[in-house]
2 protein chains.
Amino acid sequence: MSRGDARDRLVQAAIDLIWTSSYGAVSVDAICERAQVRKGSFYHFFASKDDLVVTALDTHWGTRRPVLDEIFSASRPPLQRLQRYFAHISERQGEVREQYGRVLGCFHHAVGSECVQKPTAVAAKAQELSLALRRYLETALRDAQGEGALPPGDPVAAAKSLFAFVTGALTQARVHDDLELLRQLPQTAWLALGMAGPPQRST
Amino acid sequence: MSRGDARDRLVQAAIDLIWTSSYGAVSVDAICERAQVRKGSFYHFFASKDDLVVTALDTHWGTRRPVLDEIFSASRPPLQRLQRYFAHISERQGEVREQYGRVLGCFHHAVGSECVQKPTAVAAKAQELSLALRRYLETALRDAQGEGALPPGDPVAAAKSLFAFVTGALTQARVHDDLELLRQLPQTAWLALGMAGPPQRST
DNA sequence: GTTGTAGATGACTGTTTAGTCAAGTTCGAG
DNA sequence: CTCGAACTTGACTAAACAGTCATCTACAAC
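This one's a predicted model, so the numbers in the text were calculated from it and none came from an experiment. (Residues numbered from 1 in each chain as written. Chains lettered and ligands numbered in written order. Predicted model: local features only at pLDDT ≥ 70, side-chain atom pairs only at ≥ 80, totals over all residues. Heavy atoms only, no water.)

**Some remarks on the protein's contact with DNA strand D**
Then, number 1: The environment of DNA strand D is formed by 15 residues, the closest being G40 and S41 of chain A together with V28, K39 and Y43 of chain B.
Then, number 2: Take the atoms of DNA strand D that sit within 4 Å of the protein: sugar and phosphate atoms are 55% of them.
Then, number 3: Here a phosphate oxygen of DNA strand D and a backbone polar atom of V28 of chain B are 2.9 Å apart.
Then, number 4: Contributing elements (two or more residues each) for the surface near DNA strand D: α3 (39–45) of chain A together with α2 (28–35) and α3 (39–45) of chain B.
Then, number 5: Take the surface near DNA strand D: its biggest share by element is four residues, from α3 of chain A.
Then, number 6: Considered class by class, the residues forming the surface near DNA strand D number four nonpolar, six polar and five charged. (Near = heavy atom within 4 Å. Polar contact = N/O pair within 3.5 Å; in protein donor to acceptor, adjacent residues only side chain to side chain. Helix = DSSP H or I, 4+ residues; strand = E, 2+ residues; numbered from the N terminus. Nonpolar A, V, L, I, M, F, W, Y, C, P; charged D, E, K, R; others polar.)

Encoded structure:
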């Protein structure tokens, strides 16, 4: 086992275990066992369980961010960004289901809604990532309004509504291990913006 | 302390503690301390922690059900039922915030999304109640389509979308302790059904 | 007033938890 | 070869955990 390998395995084990069950149900021992790392090494790399979980949230976000950056690229028409994002969600969750055997929804959202109440570092990180994701929507909506592709209005409020719908759909998909709602997202999500359907291609 | 009082206090303590934090973060000892009941009495009334939580879910549902029955009364026009329900959500969460000092969203939904993965009695009960709630929406939508107040379509799929939006909004409201999104619900929820706005009063 | 029963009590068990630590190993730089 | 730093190890602690139990109390039925 090469240098730094154990650390990575711990982070990945934390992501796998917490995503497939929950923050509260996963112990340090369970993470260590899955990562094949001894307890002492765990605390060599991380100050606490929460420290690892924060790192896990950041690491996971690090894998999603470039994908989102591409989808929400400013070089793309704003409504097309959203359209691609909605399509991406069900594709992505299909991959997750293949990898983990189950639809899991959004990692940091699941952690976040479990840990909201006591303001720990974990809760703060989860909220930070949640907000970062919402801002992608916000920017796309603002741009869409700017070029008249969407009727004027408060883009922050619209992004909140749309985000609520998306996260709600992801959570339902997780609870019922059902991709159906997500597959409909490219059609139905536009309704939450007051549009009858997806925008027409302007080729 | 009169007969059965301790049992009720245990159930209420479980609701309070779990709703304000999470299932995994609340211990039997914490519930006992809050209810001012000794450990032995706990296991006199309940076979296990999970047994109490199932009872707590049922008890809480028992307080919401008559309210929902009234709102979704068949003697009311179906779109008016939905309109009242959307209004009720933000009113109710306003009450919750006053009582608990924080917006908490939906009790059984929070428990359910935390416990989905391992099929326990708690997870089963939470899913049962979640489905029961969704059926109120389903019936109203079917009735609305039946009398032509809503364009024809699959009422089950429409109820799923609407339910995703409502639960998403409730979860966001919980995470950010923010009633704003819920206050907008009576306006925005109709969009998820493909309608421009709330139905007109037919007096 | 004896007895049955529902409830209350606190001390108990065994397990799991997060986190610690001293003593090891590995390995590259000087 | 030597040294130090990065890393590993397994045994350890103290607290928290769910759940048990014999014993006590209150009270209602007879």
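From this point, the narrative continues.
**Some thoughts on the packing of helix α1 (residues 5–20) of chain B against helix α5 (residues 78–100) of chain B**
All names here are of chain B.
Then, number 1: The N-to-C vectors of α1 and α5 enclose an angle of 100°; their axes lie 12 Å apart at closest approach. When the axes of α1 and α5 are compared, the pair comes out roughly perpendicular. Where α1 approaches α5, its residues Q12, I15, D16, W19 and T20 are matched on the opposing element by R92, V96 and Y100. (Axes fitted to C-alpha atoms, helices over the stretch in contact; angles between N-to-C directions. Parallel < 35°, antiparallel > 145°, perpendicular 65-115°, else oblique. Contact = heavy atoms within 4.5 Å.)

**Concerning the packing of helix α8 (residues 155–175) of chain A against helix α9 (residues 180–188) of chain B**
Then, number 1: Relative to each other, α8 of chain A and α9 of chain B sit at 85°, their axes nearing to 11 Å. On the basis of the axis angle, α8 of chain A is roughly perpendicular to α9 of chain B. Seen from α8 of chain A, the contacting residues are A157, K160, S161 and A164 of chain A; seen from α9 of chain B, they are L181, Q184 and T188 of chain B.
Then, number 2: Of the residues that constitute the contact of α8 of chain A with α9 of chain B, the class distribution is three nonpolar, three polar and one charged.

**Describing the pattern of salt bridges**
Then, number 1: One pass over the full model with this rule turns up 26 salt bridges over all chains.
Then, number 2: The partner of K125 of chain A in a salt bridge is E128 of chain A, with the nearest N and O atoms 3.1 Å apart. Separated by three residues within a single helix, K125 of chain A and E128 of chain A lie in helix α7 (residues 121–146), roughly one turn from each other.
Then, number 3: A residue is classified by how much of its surface remains accessible, and K125 of chain A, at 12% relative accessible area, is buried.
Then, number 4: When the shortest N-O distance is used, the salt bridge between D178 of chain B and K160 of chain A registers 3.4 Å. Residue D178 of chain B is found in the loop between α8 (155–175) and α9, and its partner K160 of chain A is found in helix α8; the two belong to separate chains.
Then, number 5: By relative accessible area, K160 of chain A is classed as partly exposed at 22%. (Salt bridge = Lys/Arg side-chain N within 4 Å of Asp/Glu carboxyl O. Buried < 20%, exposed > 50% of the residue type's maximum accessible area, 1.4 Å probe, protein only.)

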